[in-house]
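A closer look at the structure
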Amino acid sequence: MYNANWLTPDHQAFAESSNRFFEAELLPSMVRWRQNGQVDREFWRSAGAIGLLGASAPVEFGGSGCPRSFDAVTLYQQNKFGDTSWGFSVHNFVMHYVAQYGTAEQRARWLPGLISGEIIPAIAMTEPGTGSDLKAIRTTATKCEKGYLVNGSKTFISNGQLADLVCLVARTEHTGSAREISLIMVETADAEGFRRGRNLEKIGLHGQDTSELFFDEVIVPADNLLGGKPGHGFRQLMEQLAWERLSVGIMALGACDYAIDTTLDHVQDRRAFDKRLFDFQNVRFKLAEAKTKLEVTRAFIDQCIEKIDAGGLDPSTAAMAKWWSSQTQCEIVDECLQLFGGYGYMTEYPISQLFIDARVQKIYGGSNEIMKELIARSMER
Ligand SMILES: Cc1cc2nc3c(=O)[nH]c(=O)nc-3n(C[C@H](O)[C@H](O)[C@H](O)COP(=O)(O)OP(=O)(O)OC[C@H]3O[C@@H](n4cnc5c(N)ncnc54)[C@H](O)[C@@H]3O)c2cc1C
């Protein structure tokens, strides 16, 4: 873990233990996950057992009750190890939805399993017909005698093949207003009419299952409406988005640190024209630029982490963190790959993986264009 003002001795101890865990359990699994197109369930349970999944979850349900900066440590380190398969970030978002908005009964029902890794969650907002324009979703949850009757389809859903609990964004009224959007927790094991589609083939993130999900007359008990009152889903989503966007920035830092490290190894080892690559001025300047961009980004992300712990990260600052860090990540990994020459294009070199995995950071979590729109909106007089 790198040094930052927000890192306390407790964070350091947590970082050391997660580091040991990643070395022992994540590193040896990464190739297999990419081949299988998904992570092993067993890994989720192991992560739960050492306290990674519940670091910021309430103590009464088995969590550690720490601030979100502890989750920042996990996100950073996972990416520093070069992993993009394990859907920890999505798990973390859903856990916070349940912890923050769930009724007492819902928190008691789902948090222990989320914290232990028994329950793998997903969040399903995006639909084939709409992504950026979330208010235009068409999936419906209509009140019926047994609860809600859910109809619709979702796509690009991370953890979609494995998910036991889907936090589904659906319309509970049909007037076209954002106030009719609700979060419905679908327990997939008991959901007749629920179907997983393909594990979608992607240009990167090969070990992360990203899926279509179909809901055909699925009956969901009324008790599964998050928070118990319909029409609060849009507000709930908006309140959590700052953290979700900052998470993209934290992942970018981990990936960039790894990219620069592995590139430094390569350019100091490889020789051309009787010199190390690192002895050419262009190589030195490219790495100096990459390092500078990374450190400037890190300073901003660290500020945002402090703000999120203090409860004050506003949406436009989070949007800046998301677009800037993902853009910077793509620039850094591209420059680093170039310094590998042909080897950078070979999949056995981690830099090639970092390159293809970086691209989606500019798209998901709200595209970078939407981020700029949000920032511009906050500047309007
Ligand atoms: C690997 C992966 C994992 C994902 N995981 C999840 C998940 O777990 N859950 C989930 O719900 N979704 C997930 N998504 C979906 C992701 O959040 C959406 O792809 C993203 O929000 C963009 O939506 P879209 O694909 O429909 O693109 P569109 O909304 O169709 O946008 C297409 C282009 O138009 C631009 N655009 C749209 N509106 C505007 C505007 N107002 N101003 C300027 N430009 C605009 C966009 O920036 C983009 O460049 C995932 C996507 C990927 C690729």
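Sequence order as written defines the numbering, with residues in each chain counted from 1. Per-residue local features of the predicted model are confined to residues with pLDDT of at least 70, and side-chain atom pairs are confined, for both listing and counting, to 80 or more; whole-chain, interface and lining totals are unaffected and use all residues. Based on all heavy atoms of the structure, the side-chain values leave hydrogens and waters out of the count.

**Comments concerning the site of the ligand**
Residues are counted as near a molecule or strand when any one of their heavy atoms sits within 4 Å of it. What surrounds the ligand is a group of 19 residues, the closest being Thr 126, Ser 132, Phe 156, Ser 367 and Glu 369. Throughout this description, a polar contact denotes any pair of N or O atoms lying within 3.5 Å of each other; where both atoms belong to protein, one of them has to be capable of donating a hydrogen while the other can accept it, and for residues adjacent in sequence the pair is counted only when both atoms sit in side chains. Here an oxygen atom of the ligand sits 2.6 Å away from a polar atom, N or O, in the side chain of Ser 132. One of the side-chain nitrogen or oxygen atoms of Ser 158 is found 2.8 Å away from a nitrogen atom of the ligand. Accessible surface area values rest on a Shrake-Rupley calculation with a 1.4 Å probe, where residue burial reflects the displayed protein chains alone. Relative to its free-state accessible area of 970 Å², the ligand is covered by the protein chains to the extent of 64%. Looking at the shell around the ligand, the element that brings in the most residues is strand S3 (residues 147-158), giving three residues. Side-chain classes follow a simple rule in which Ala, Val, Leu, Ile, Met, Phe, Trp, Tyr, Cys and Pro form the nonpolar group, Asp, Glu, Lys and Arg form the charged group, and the remainder, Gly included, forms the polar group. Its residues assigned to classes, the shell around the ligand shows 10 nonpolar, seven polar and two charged. Domain start and end points were adopted from an automatic or database domain assignment. Summarising the domain contributions, the shell around the ligand has at least three residues from each of domain 2 (122-231) and domain 3 (234-379). Numbering of helices and strands runs from the N terminus, with a helix taken as a DSSP run of H or I at least four residues long and a strand as a DSSP run of E at least two residues long.

**With respect to the domain arrangement of the protein**
For an interface, size is often stated in terms of accessible area lost upon the parts coming together. On domain assignment, one finds that the protein holds domain 1 (9-119), domain 2 (122-231) and domain 3 (234-379). Between domain 1 and domain 3, the C-alpha centre-to-centre distance is 22 Å. Joining two parts hides part of their accessible area as seen by a 1.4 Å probe, and the buried area is that hidden amount summed over both. Summed over the three residues of domain 1 that lose the most area to domain 3, namely Arg 68, Tyr 97 and Tyr 101, the buried surface amounts to 31% of that side. For this analysis, a salt bridge means a side-chain nitrogen from Lys or Arg found within 4 Å of a carboxyl oxygen belonging to Asp or Glu. For the pair domain 1 and domain 3, the number of links is two salt bridges. Of the charged contacts, one joins Asp 357 and Arg 34 as a salt bridge, the two residues approaching to 3.1 Å between their closest N and O atoms. Taken together, the links from domain 1 to domain 3 amount to 10 residue pairs in polar contact (both at pLDDT 80 or more). A breakdown of the residues in the side of domain 1 that touches domain 3 according to their chemical character gives eight nonpolar, eight polar and four charged.

**Regarding the packing of aromatic side chains**
Pairing of aromatic rings covers Phe, Tyr and the six-membered ring of Trp, with a centre-to-centre limit of 6.5 Å; geometry is then stacked below 30 degrees between planes, edge-to-face above 60, and tilted otherwise. Scanning the model with the defined rule gives 17 aromatic pairs in all. Relative to Trp 86, the ring of Phe 43 lies with its centre 5.1 Å away and its plane at 85°, an arrangement referred to as edge-to-face. Taken as a pair, Phe 43 in helix H3 (residues 41-49) and Trp 86 in the loop between helix H4 (69-80) and helix H5 (88-101) lie far apart in primary sequence, 43 residues in all. Just as Phe 43 is buried, Trp 86 falls in that class too. Where Trp 323 meets Trp 324, the ring centres are 5.6 Å apart and the plane angle is 80°; that geometry is what we call edge-to-face. Only protein chains enter the calculation, and the probe is 1.4 Å; a residue is then buried if its accessible area is under 20% of its type maximum, exposed if over 50%, and partly exposed in between.

**What about the packing of helix H7 (residues 233-269) against helix H10 (residues 350-358)?**
Relative orientation of the contacting elements H7 and H10 amounts to 150°, with a least axis distance of 10 Å. Judged on the interaxial angle alone, H10 and H7 are roughly antiparallel. At the point where H7 passes H10, the crossing takes the left-handed sense. Seen from H7, the contacting residues are Ala 255, Tyr 258, Ala 259, Thr 262 and Thr 263; seen from H10, they are Pro 350, Ile 351 and Leu 354. The residue inventory of the contact of H7 with H10, partitioned by class, reads six nonpolar, two polar and no charged. With axes taken as lines fitted to C-alpha atoms, and helix axes fitted only over the stretch in contact, angles between N-to-C directions fall between 0 and 180 degrees. Under this scheme an angle from 65 to 115 degrees is roughly perpendicular, one under 35 degrees roughly parallel, and one over 145 degrees roughly antiparallel; angles in between are oblique. Less than a right angle of anticlockwise turn of the near helix away from the far helix marks a crossing as left-handed, whereas a clockwise turn marks it as right-handed. Contacts are residue-level and defined by heavy atoms, with any inter-residue pair within 4.5 Å sufficient.

**Side note on H3**
Because an α-helix packs 3.6 residues into every turn, residues spaced three or four apart end up facing the same way. Among the residues of H3, those classed as buried are Phe 43, Trp 44, Ser 46, Ala 47 and Gly 48. Looking at the buried positions of H3, the neighbouring elements they touch are helix H1 (9-26), helix H2 (30-36), H5 and helix H6 (104-116).

**Observations regarding the pairing of strand S5 (residues 181-187)**
Burial analysis of S5 places six of its seven residues in the buried class, which makes it a mostly covered element. Whether two strands pair depends on DSSP finding at least two bridges between them. As paired strands, strand S4 (residues 165-171) and S5 are joined by seven bridges and run antiparallel to one another. From the neighbouring strand, Val 169 faces S5, where its bridge partner is Leu 183.

**Topic: the state of the cysteines**
Cysteine sulfur pairs qualify as disulfides if the two atoms are within 2.5 Å. Scanning the model with the defined rule gives zero disulfides in all. Cys 167 takes part in no disulfide bond, and the closest cysteine sulfur, belonging to Cys 144, lies 19 Å away. In this structure Cys 256 is a free cysteine whose sulfur lies 7.9 Å from that of Cys 336, the closest cysteine sulfur available.

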